[in-house]
Amino acid sequence: MTADLLAHATEFENRTLSHMSTSDRVAASREAKKLILDINEIYKETKDSNLMDVMKRLTEKKKKIEKRLKGTPLV
């Protein structure tokens, strides 16, 4: 189970963000959230620092996606 999650997380990290529609970005953000939460459940039991590093990288990618979704605020 851990190996599958890590493989899926690696595949998600290597995915390009360019030329994504808004619905693709929403789906990617939700997928990132699910991956982070699933990895976190395993991390709670094992305290593996490698899992924490993966979660941090996924969180950064998720933040970039969400920043693009929210756009710049209008003044």
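Here the structure is shown first, and the text comes after it.
All of these numbers come straight from a predicted model, not from anything done at the bench.

So, the packing of helix H1 (residues 2-14) against helix H3 (residues 49-70)
Point 1. The interhelical angle for the contact between H1 and H3, taken along N-to-C directions, is 35°, at an axis separation of 11 Å. Note on packing geometry: the crossing formed by H1 with H3 is left-handed. Each of Thr2, Leu6, Ala9, Phe12 and Glu13 in H1 lies in contact with H3, whose residues at this interface are Asn50, Leu51, Val54, Arg57, Leu58, Lys61 and Ile65.
Point 2. Of the residues that constitute the contact of H1 with H3, the class distribution is 7 nonpolar, 2 polar and 3 charged.

Considerations on the nonpolar core
Soluble globular proteins tend to bury their nonpolar side chains together.
Point 1. One finds Phe12, Ile39 and Leu58 to be the most contacted residues of the largest nonpolar core, which totals 16 residues.
Point 2. Breaking this core down by element, the ones donating at least two residues are H1, helix H2 (22-46) and H3.
Point 3. Once residues within four sequence positions are removed from consideration, Leu58 is found in contact with Ala9, Phe12, Glu13, Leu35, Ile36 and Ile39.

Rules used throughout
- Residues numbered from 1 in each chain as written.
- Predicted model: local features only at pLDDT ≥ 70, side-chain atom pairs only at ≥ 80, totals over all residues.
- Heavy atoms only, no water.
- Axes fitted to C-alpha atoms, helices over the stretch in contact; angles between N-to-C directions.
- Helix = DSSP H or I, 4+ residues; strand = E, 2+ residues; numbered from the N terminus.
- Left-handed = near helix turned anticlockwise from the far one by under 90°.
- Contact = heavy atoms within 4.5 Å.
- Nonpolar A, V, L, I, M, F, W, Y, C, P; charged D, E, K, R; others polar.
- Core = buried A, V, L, I, M, F, W, Y, C linked by side-chain atoms within 4.5 Å.
- Buried < 20%, exposed > 50% of the residue type's maximum accessible area, 1.4 Å probe, protein only.

Remember that the coordinates give geometry; whether it matters functionally is a separate question.
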